[in-house]
Amino acid sequence: MLPPLATFSGTALADAIDGDWCHGDGRRLSINGPDIVTPGGTRLKGDYDRHHFSYVVPSSEPGAGATVTMVLLSEILMHLKPPAGEQQTWRRCGKPIS
């Protein structure tokens, strides 16, 4: 007989939203706890939860002053709601090569 944990087949949330994320149009962002590097390259602090993140768009980027929200969907996918426009799906990706 298998141990009870071995028979569990429920869906589990990914560990955390931390990491590097890419959009199909080439934009990137990186989250590390409350720290984010935005798609515009700005480093700032945001509102961090293991499966959610939000930040206020800095004055140097389009949509300044509005809030961007993100929700982790799986180990490799998250939804991002920009200040204007439709919700976007982003994929986990590796660090940029320079």
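What counts, and at which threshold
Throughout, residues of each chain are indexed from 1 in the direction in which the sequence is written. Since the coordinates come from a predicted model, pLDDT governs what is reported: local features require at least 70, and pairs of side-chain atoms require 80 or more to be given and counted, while whole-chain, interface and lining totals use all residues. Side-chain measures here rest on the full set of heavy atoms in the structure, leaving out hydrogens and waters. Counting from the N terminus, the helices are the DSSP runs of H or I reaching at least four residues and the strands are the DSSP runs of E reaching at least two. Think of it in three bands: residues with accessible area under 20% of the maximum for their type are buried, residues over 50% are exposed, and the middle band is partly exposed, with areas taken using a 1.4 Å probe on protein chains only. For this analysis, residues touch if any pair of their heavy atoms sits within 4.5 Å. Computed with a 1.4 Å probe, the accessible areas rest on the Shrake-Rupley method; for each residue, only the protein chains presented here act as cover. Ring geometry is summarised as follows: Phe, Tyr and Trp rings, the Trp one being its six-membered ring, pair when their centres sit within 6.5 Å, and such pairs are stacked at plane angles under 30 degrees, edge-to-face over 60 and tilted between the two. Here, the term disulfide refers to a pair of cysteine sulfur atoms separated by no more than 2.5 Å. DSSP bridges decide pairing: two strands pair if at least two such bridges lie between them. Angles shown run from 0 to 180 degrees and are taken between the N-to-C directions of axes, each axis being a line fitted to C-alpha atoms and, for helices, limited to the stretch in contact. Side-chain atoms within 4.5 Å are what join buried Ala, Val, Leu, Ile, Met, Phe, Trp, Tyr and Cys residues into a set we call a nonpolar core.

Visitor: If you had to explain the overall build of the chain to someone new, which residues and values would you point to?
Guide: If you tally the helices and strands in the chain, you get 0 helices and 9 strands. The order of α-helices and β-strands along the chain, N terminus first, is β-β-β-β-β-β-β-β-β. For the chain, with 98 residues in total, the buried portion stands at 30%. Taking all contacts inside the chain whose residues are at least 6 apart in sequence as the whole, residues at least 24 apart take part in 34%. When the accessible surface of the chain is split by element, carbon and sulfur atoms take 58% of a total near 6400 Å².

Visitor: With reference to specific residues and values, describe the environment of isoleucine 36.
Guide: With respect to the helices, strands and loops of the structure, isoleucine 36 is situated in strand 3 (residues 35-37). Spatially, the C-alpha atoms of isoleucine 36 and tyrosine 55 are 8.5 Å apart, while their sequence positions differ by 19 residues. In this structure isoleucine 36 touches Leu29, Ser30, Ile31, Thr42, Arg43, Leu44, Phe53, Tyr55 and Met70, once residues within four positions along its chain are discounted.

Visitor: I'd love a proper account of the packing of aromatic side chains, names of residues and values included.
Guide: Applying the stated criterion across every chain yields a total of 1 aromatic pair. Note on tyrosine 48 and phenylalanine 53: the rings are 6.5 Å apart at their centroids and 65° apart in plane angle, and the pair reads as edge-to-face. With a relative accessible area of 2%, phenylalanine 53 lands in the buried category.

Visitor: Describe the state of the cysteines, with residues and values.
Guide: Summed over the entire model, instances satisfying the criterion amount to 1 disulfide. The disulfide that involves cysteine 22 links it to cysteine 93, with 2.0 Å between the sulfurs. On the S-S bond that ties cysteine 22 to cysteine 93, the torsion sits near 85°, and the link is right-handed. Here cysteine 22, found in strand 1 (residues 19-22), pairs with cysteine 93, found in the segment after strand 9 (88-92); they are 71 residues apart in sequence, far enough to count as distant. Cysteine 93 sits in the partly exposed class, given a relative accessible area of 22%.

Visitor: For the sheet that holds strand 4 (residues 43-45), give the residues involved together with the corresponding values.
Guide: Pairing is antiparallel in the open sheet, where 9 strands are placed in the order 4-3-2-1-9-8-7-6-5. Whereas interior strands pair on both sides, the edge strands pair on one side only; in this sheet they are strand 4 and strand 5 (47-49). Strand-to-strand twist across the sheet, computed as the mean angle between neighbouring axes with direction ignored, equals 25°.

Visitor: I'd like a rundown of the pairing of strand 8 (residues 77-81), residues and numbers included.
Guide: Burial along strand 8 is one-sided: the residues Met78 and Leu80 are buried and none of Leu77, His79 and Lys81 is. Here strand 7 (residues 67-72) folds back onto strand 8, and the loop between the two strands holds 4 residues. Examined bridge by bridge, strand 8 and strand 9 share 4 bridges and lie antiparallel to one another. Paired with leucine 80 across the bridge in strand 9 is glutamine 88.

Visitor: Summarise the nonpolar core; cite the residues concerned and give the values.
Guide: Judged by nonpolar contacts, the single largest core of 14 residues is most densely connected at Ile17, Trp21, Leu29, Ile31, Met70 and Met78. With 3 residues, strand 7 is the single largest residue contributor to this core.

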